[in-house]
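# Summary of structural features
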Amino acid sequence: MSVTVLVGSQWGDEGKGKVVDILSERYNIVVRYQGGANAGHTIKIKDKQFIFHLIPSGILHENVTCVIGNGVVVDPRALLDEIELLQQNGYDIEGRLLISQNAHLIMPYHKLLDSISESGENKIGTTGRGIGPCYIDKYARKGIKIIDLLDKDELAKKIRQNLKEKNNLLKNVYHREELDVEKIIEEYSAFDKAIDPYVADVPNFLNRSINEGKSILMEGAQGALLDVDHGTYPYVTSSNPTSGGACTGTGIPPTKITDVFGIVKAYTTRVGLGPFPTELTDETGERLREIGAEFGATTGRPRRCGWFDAFLVKYSATINGISKAAITKLDVLSEFDEIKVCVGYELNGKKLNTFPSTASILEKVTPVYETLPGWKQDISKARSYDELPPETKDYLKFISEKAGFEISIVSVGPRRSETIILDN
Ligand code: IMP
């Protein structure tokens, strides 16, 4: 029996979708614990590509039950679109998808307020999916939950209360048109029948399942450096993608967690604004973006690209407690003559001993690099560690030692089959 937390160890987009899809075979249940439709988990099976924004990536395995935990903020429209997509592709999800009654709902005013905030001076480059404003309402105790969809009177009452305040803000502060209360009530009241079959008491289900000996994979969205507490604040998302968030976002207690699996991209990317010490704004960065198809799965925005930052991943491995890691997109580095790895930072000519997550400091650091030889050959056909060229093995050994994790999976291409499983 294992209860594993899977986390993105950088700024998101590490390739969690593919790894969850592969690991799902070993688990009975996969549960998402935070974030919302800002995430985009891509899975490629043969020539078919799926991008999930809300439903856990384990859903493509028929024996796996997928759960959306209370820590997730749910856009009901986006959720129903994903359910429909799965049904159209012949996936039977009846009884295999559970949604926590306590998950909060993304409302139309959350998306609007997100876009208004992004048009001002405090822009941070959000995905525009209403994530921040929804978590604001949750913590201000004004949120509307999944359970509220099942009581029409209560739902209408809460929407009216919220709209009074939001419309006041829209009209008098932002000088925008007010939102139509009745239209929103009508739209959200219509979600009850569609969502009702999936609503569940998730903490009860998960803890009962653990007691029955079932194994659970808790799937984080985004990455550790986007964590509202441990990331590069304020250039972060509004939840806790780090492993700690898995407990509060699901109702599984810390004492039940058996291991933490880190997803580590073989280089670094970031979307949105914020410091990025190893960013390459030159031709090399452009090549990484092109070869790695580094464009946002949710917004299509080009991702900023740079060399692997072992100093940053070491910090991430520490705060997440990463015990094992999957290295993803290693094949993207195959063309390069030389590959650089950041092993530390300097600030005002002095070497830093610890990673500064404070954005204003991180903006000023100079990365210290070590250069490794490239392998200059196609590695996407390798199916075992021994089949990898010596330079590739050296690169893997170097980054795992510098960042302090043990490698258990290596991904050499986007397809399920393009994977090396190390037997540890
Ligand atoms: P929000 O989560 O939409 O509020 O965006 C806040 C920050 O997190 C922005 O820099 C986004 O680009 C980033 N972000 C949110 N979701 C993802 C993701 O799934 N991958 C990578 N970055 C993300």
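Residues numbered from 1 in each chain as written. Predicted model: local features only at pLDDT ≥ 70, side-chain atom pairs only at ≥ 80, totals over all residues. Heavy atoms only, no water.

## Topic: the environment of Ile55
The cut-off we apply is this: In this description a helix means any DSSP run of H or I spanning at least four residues, a strand means any run of E spanning at least two, and both kinds are numbered starting from the N terminus.
Within the secondary structure, Ile55 is located in the loop between strand 4 (48-52) and strand 5 (65-68). Between the alpha carbons of Ile55 and Ala37 there is a distance of 9.2 Å; along the sequence they are 18 residues apart.

## Some remarks on the state of the cysteines
Condition: A pair of sulfur atoms, both from cysteines and within 2.5 Å, is called a disulfide here.
Here the structure, examined in full by the defined rule, presents zero disulfides. Note on Cys342: no disulfide assigned, nearest cysteine sulfur contributed by Cys305 at a separation of 16 Å.

## Describing the pairing of strand 15 (residues 324-328)
Note on strand geometry: in a regular strand, side chains alternate between the two faces of the sheet. The condition is simple: Exposed residues in this analysis have more than 50% of their type's maximum accessible area, buried residues have under 20%, and partly exposed residues fall in between, with area computed by a 1.4 Å probe over protein chains only. Only when DSSP finds a minimum of two bridges between them are two strands counted as paired.
Burial analysis of strand 15 places four of its five residues in the buried class, which makes it a mostly covered element. Relative to strand 15, strand 11 (residues 259-265) runs parallel, the two being bridged by five bridges. Considered in strand 15, the bridge of Val264 is made with Ile327. With four bridges connecting them, strand 15 and strand 19 (residues 406-411) associate as parallel partners. Residue pairing in the sheet places Ile327 in a bridge with Val410 of strand 19.

## Topic: the nonpolar core
Operational definition: Definition used in this section: a nonpolar core is a set of buried Ala, Val, Leu, Ile, Met, Phe, Trp, Tyr and Cys residues joined via side-chain atoms within 4.5 Å. Residue ranges assigned to the domains are those given by an automatic or database domain assignment. Any two residues whose heavy atoms approach within 4.5 Å are treated as being in contact.
Among the nonpolar cores identified, the biggest contains 68 residues, and Leu333 and Tyr395 are the most heavily contacted of them. If you count residues domain by domain, this core takes at least three from each of domain 1 (3-100 + 199-261) and domain 3 (264-421). Not counting the four nearest positions on each side in its chain, Leu333 is found in contact with Ala266, Tyr267, Leu288, Trp307, Ile339, Trp375 and Tyr395. Counting residues in each nonpolar core, the second largest holds 51 residues, with Tyr27, Leu80, Ile195 and Phe261 among its members.

## Observations regarding a nonpolar patch on the surface
To keep it simple, the criterion reads: Patch definition: residues with relative accessible area over 30% and no salt bridge; like charges joined within 9 Å; nonpolar side chains (Val, Leu, Ile, Met, Phe, Trp, Tyr) joined within 5 Å. All accessibility values rest on the Shrake-Rupley procedure with a 1.4 Å probe; residue burial counts only the protein chains present in the view. By definition, a salt bridge exists where a carboxyl oxygen of Asp or Glu is found within 4 Å of a side-chain nitrogen of Lys or Arg.
A contiguous nonpolar surface patch, about 240 Å² in accessible area, is contributed by Leu169, Val173 and Tyr174. Counting through the fold element by element, Leu169 comes out in helix 5 (residues 152-173).

## Some details on the site of the ligand
Heads up, the rule is: By convention in these notes, a residue is near a molecule or strand provided one of its non-hydrogen atoms lies within 4 Å of it. Between N or O atoms, a polar contact is any pair within 3.5 Å; within protein, one atom must be a potential hydrogen donor and the other a potential acceptor, and residues adjacent in sequence are included only when both atoms are from side chains. Residues are sorted three ways: Asp, Glu, Lys and Arg are charged, Ala, Val, Leu, Ile, Met, Phe, Trp, Tyr, Cys and Pro are nonpolar, and all the rest, Gly among them, are polar.
Taken together, 15 residues lie near the ligand, and Asp13, Asn38, Thr127, Thr237 and Arg301 sit nearest. Between Thr127 and the ligand, the recorded distance is 2.6 Å, taken from a side-chain N or O atom to an oxygen atom. Arg301 is positioned with one of its side-chain polar atoms (N or O) 3.0 Å from an oxygen atom of the ligand. The protein chains hide 97% of the 470 Å² of surface that the ligand would expose on its own. Of the residues contributing to the shell around the ligand, the split by class is six nonpolar, seven polar and two charged.

## Side note on the packing of helix 5 against helix 6 (residues 181-189)
Packed helix pairs are characterised by how far apart their axes lie and by the angle those axes make with each other. For clarity, the threshold we go by: Here the axes come from fitting lines to C-alpha atoms, over the contacting stretch only for helices, and the angles between their N-to-C directions go from 0 to 180 degrees. For a crossing to be left-handed, the near helix must be turned anticlockwise from the far one by less than a right angle; the clockwise case is right-handed.
At a closest axis distance of 10 Å, the pairing of helix 5 and helix 6 adopts a crossing angle of 145°. The hand of the helix 5/helix 6 crossing is right-handed. Along the contact surface, helix 5 presents Lys152, Leu155, Ala156, Ile159, Arg160, Leu163 and Asn167, while helix 6 presents Val181, Glu182, Ile184, Ile185, Tyr188 and Ser189. In terms of residue class, the contact of helix 5 with helix 6 is built from eight nonpolar, two polar and three charged.

## Some points on the pattern of salt bridges
Oppositely charged side chains may form a pair once their charged atoms are brought near each other. With the rule as written, the count across this model stands at 24 salt bridges. For Arg416, the salt bridge goes to Asp21, with nearest N and O atoms at 2.6 Å. Here Arg416, found in the loop between strand 19 and strand 20 (419-421), pairs with Asp21, found in helix 1 (residues 16-23); they are 395 residues apart in sequence, far enough to count as distant. A residue is classified by how much of its surface remains accessible, and Asp21, at 1% relative accessible area, is buried. The salt bridge partner of Asp337 is Lys376, with a shortest N-O separation of 2.9 Å. Of this pair, Asp337 sits in the loop between strand 15 and strand 16 (338-347) while Lys376 sits in the loop between strand 18 (366-373) and helix 13 (390-403), and the two are 39 residues apart along the sequence. The same class applies to Asp337 and to Lys376, which are both exposed. One salt-bridge network, in which partners are shared between bridges, spans Asp13, Lys265, Glu294, Arg303 and Lys329.

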